[in-house]
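Topology and contacts: notes
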Amino acid sequence: MASSLQSVTQSQLGFNPFEKEAYAEVGIDPKTGMAVFTEGDSTELVLGLGITDESKVNDWLLALLKRVDGASERSERSVDGVKVLSVGRPFGTELVAVAHWTFVGRRILISRPQGEASLIAAAKRIGAATDGTQKSLSSDALYSELNAKSPSDSVLRVFARGGVSSVLTGSSPGEAAEAAMLGVSFNESSFAGELFVKGATGELGKAMGVETPASLSPQIADDAVFATMSAGARSELLSALKAHPISGPPVASTLKTFKGRTGVDLEQDLVPLLSGPITLAIYIENASRAMAALQRGGRDPSAMLEAIHASVTAKIKDPSAMAAVLDQAAERLRASGVTIERQDGERNGKPLIRFAPQQHTVQLGWALYGNPYVYGAGAGRVDRMLDVLDGKSPSL
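Residues numbered from 1 in each chain as written. Predicted model: local features only at pLDDT ≥ 70, side-chain atom pairs only at ≥ 80, totals over all residues. Heavy atoms only, no water.

Some details on the nonpolar core
Across soluble globular proteins, you tend to see nonpolar side chains buried next to one another. Core analysis: the biggest nonpolar cluster contains 24 residues, and I316, M322, L326, L368 and Y373 have the highest contact counts within it. Where this core is concerned, the elements lending two or more residues are α8 (248-262), α9 (266-270), β12 (308-316), α12 (319-335), β14 (350-357) and β15 (364-369). The leading source of residues in this core is α12, at 7 residues. Beyond its immediate sequence surroundings of up to four residues, L368 is in contact with I316, P319, M322, A323, L326, P351, L352, I353 and Y373. Counting 21 residues, the second-largest nonpolar core is a separate cluster that includes V26, L85, A99 and I110. (Core = buried A, V, L, I, M, F, W, Y, C linked by side-chain atoms within 4.5 Å. Buried < 20%, exposed > 50% of the residue type's maximum accessible area, 1.4 Å probe, protein only. Helix = DSSP H or I, 4+ residues; strand = E, 2+ residues; numbered from the N terminus. Contact = heavy atoms within 4.5 Å.)

Here's what the structure looks like:
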């Protein structure tokens, strides 16, 4: 599976990201690292990479975007003294951009079409910082203090201050820490993350709960290729995500869409029923089909679920109230033409309530197995999860 994923990734990116020497082929400097950040008040992300060869990076990006997005037209212009390169698809006499980038010294900055203003602002700021006329994050006192504590071998560092730090700490926005930094390091067989918080509040412990993530691994099937376990699925964490300038808009949009389709207010009806422990896992059934489905943007759910499965388990405060919420969602879906079937029974002496769409083309299902709640996407995934919870099928 690992070699298959590596092969598919290499064919899509145009180089093997798991080999340090391969970065030189596309002009990227692996020693410099990568930064993803927002600029000013914007919520648009800017990607920064160190480079060794501007021409090679240009050629690689053009080939990559043509391969994955069909973008084949390139334009170049100067905006406020910043040379902006764009690539996109022609639409009449116009160019519909799919990405912008610019070079600042031995760095490249890349943004989405909507992030052009952020890209230009970042290029101007970084250009000024390199000539000593403007300070950078490295001179910030809070950043420097937490950076000194983070392991020197960290390959990924995430820094957030003020209300934004609540996303890292799990505290409520009103009681956020001054700043937080997450450092992630890894070796050949494992990786580890350490969180450092300046001015932590008592809300942190409340959000994270008492169960450790490791204790939740028996709720995940052993064929998972990606798994996340947390004891922090609580109202406090959702409030923090809503307050974050980046995660806030998509979270609000998701809440609105979910309520419109199911009649369930996630924030008011569902999240308060979660007691904290939650798992999410992804399973690759077919790596080649998975990449093909992702390239199509997930527009064919059936094809996607043939290649990629998913599972969720969550501990519930009140299973009866949760069943009522699921019934409410099922009724709303029935009204919109999607028939949801409910089956009540027992399994190993525990109550089992199962829900599933009657349409056989959509392989989804969810259940209340006493406690926890179980969701499965992909043919047979719910049954596999129930076997895992019973100890009849190997867990992670």
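What to know about the sheet that holds strand β4 (residues 82-91)
What links the strands of a sheet is backbone hydrogen bonding, and the strands pair in either a parallel or an antiparallel sense. Reading across from one edge, β1-β2-β6-β5-β4-β3 is the order of the 6 strands in this open sheet, with antiparallel pairing throughout. Every interior strand has two partners, whereas the edge strands, β1 (34-38) and β3 (73-79), have only one. Ignoring strand direction, the axes of neighbouring strands in this sheet form an average angle of 25 degrees. Here β3 runs beside β4; their pairing, made up of 7 bridges, is antiparallel. In the sheet register, E76 faces β4, and the bridge partner there is L85. On the sheet, helix α2 (residues 54-69) packs against β3, β4, β5 (94-104) and β6 (107-111) and is oriented at approximately 150 degrees with respect to β5. (Pairing = 2+ DSSP bridges. Axes fitted to C-alpha atoms, helices over the stretch in contact; angles between N-to-C directions.)

Notes on α12
Its 17 residues place the ends of α12 24 Å apart at the C-alpha level, agreeing with the 24 Å of an ideal helix rising 1.5 Å per residue. For α12, the set of buried residues is M322, A323, V325, L326, A329, A330 and L333. Down the axis of α12, the sector holding all buried residues measures 160 degrees, keeping them to one side. In α12, those exposed residues whose orientation departs by more than 90 degrees from the buried face are S320 and A335. Backbone nitrogen of S320 and a side-chain oxygen of the N-cap are separated by 3.1 Å at the start of α12; the cap is D318. (Expected span 1.5 Å × (residues − 1). Arc of directions from axis to C-beta. Polar contact = N/O pair within 3.5 Å; in protein donor to acceptor, adjacent residues only side chain to side chain.)

As for the confidence of the model for the protein
Per-residue confidence for the protein gives a mean pLDDT of 78; residues scoring 70 or more make up 77%. Of all secondary-structure elements in the protein, the lowest mean pLDDT belongs to helix α6 (residues 203-208), at 47, while β6 reaches the highest, 92. Contacts from residues 166-174, a stretch scored under 50 in pLDDT, to residues over four places away or in other chains number 37 contacts. Across residues 201-210 the pLDDT falls below 50, and counting only partners more than four positions away or on other chains, this stretch makes 23 contacts in the model. (pLDDT = per-residue confidence, 0-100.)

Points about the pairing of β1
Bridge count between β1 and strand β2 (residues 45-50): 5 bridges; the pairing is antiparallel. Counterpart to T38 in the pairing with β2 is L45. The turn joining β1 and β2, which pair antiparallel and follow one another in sequence, is formed by 6 residues; a positive phi near 60 degrees is taken by G40.

Thoughts on the environment of I340
One can find I340 in strand β13 (residues 340-347). When near neighbours in sequence (up to four residues on either side) are disregarded, I340 contacts A330, L333, R334, F355, A356, P357 and W366.

Looking at the side chain of R347
By the secondary structure assignment, R347 is in strand β13. Note on R347: relative accessible area 18%, which makes it buried. Within polar-contact distance, the side chain of R347 engages the side chain of D390 at 2.6 Å. In this structure, R347 is in contact with L352, Y369, L386, D387 and D390, ignoring residues within four places of it in sequence.

What to know about the pattern of salt bridges
Using the criterion set out here, one finds 16 salt bridges in the structure. Of the charged contacts, one joins D80 and K124 as a salt bridge, the two residues approaching to 3.9 Å between their closest N and O atoms. Of the two residues, D80 is situated in the loop between β3 and β4 and K124 in helix α3 (residues 116-130); the sequence distance between them amounts to 44 residues. On the basis of relative accessibility, which here comes to 59%, the residue D80 falls in the exposed class. Since its relative accessible area comes to 43%, K124 is described here as partly exposed. Among the ionic pairs, D223 bridges to R381, the shortest N-O distance being 3.2 Å. A residue pair is termed long-range when its members are at least 10 positions apart, and D223 in the loop between α6 and β10 (226-233) and R381 in helix α13 (residues 381-390) qualify at 158 residues. Put simply, D222, D223, R381 and R384 are held in one network by salt bridges that share partners. (Salt bridge = Lys/Arg side-chain N within 4 Å of Asp/Glu carboxyl O.)

Regarding α13
By the burial criterion, the buried members of α13 are R381, V382, M385, L386 and V388. Buried positions in α13, seen along its axis, are confined to an arc of 155 degrees and lie on one side of it. Looking at the buried positions of α13, the neighbouring elements they touch are β11 (274-284), β12, β13, β14, β15 and β16 (373-377). Immediately beyond the C-terminal end of α13, within one or two residues, lies G391, with a positive phi of roughly 80 degrees.

Points about unusual backbone geometry
For D80, which is not glycine, the phi dihedral falls at a positive 55 degrees. Unlike most non-glycine residues, N348 shows phi in positive territory, near 50 degrees. Relative to the elements of secondary structure, N348 occurs in the loop between β13 and β14.

Quick notes on the packing of aromatic side chains
Applying the stated criterion to the full structure yields 2 aromatic pairs. Relative to W366, the ring of F355 lies with its centre 6.4 Å away and its plane at 10 degrees, an arrangement referred to as stacked. In this pair, F355 is assigned in strand β14 and W366 in strand β15, connecting sequence segments 11 residues apart. Using a relative accessible area of 2% as the deciding quantity, one classes F355 as buried. Summarising the aromatic geometry, the rings of W366 and Y375 are spaced 6.5 Å apart at their centres and angled 25 degrees between planes, so their arrangement reads as stacked. For Y375, a relative accessible area of 24% puts it in the partly exposed group. Members of the aromatic cluster, connected to one another through ring pairs, are F355, W366 and Y375. In this structure, K350 packs its charged tip against the face of Y369, placed 4.1 Å from the ring centre. Over the ring of Y283 we find R381; its NZ or CZ atom is 3.7 Å from the centre of that ring. (Phe/Tyr/Trp six-rings, centres within 6.5 Å; stacked < 30°, edge-to-face > 60°. Lys NZ or Arg CZ within 6 Å of the ring centre and 35° of its normal.)

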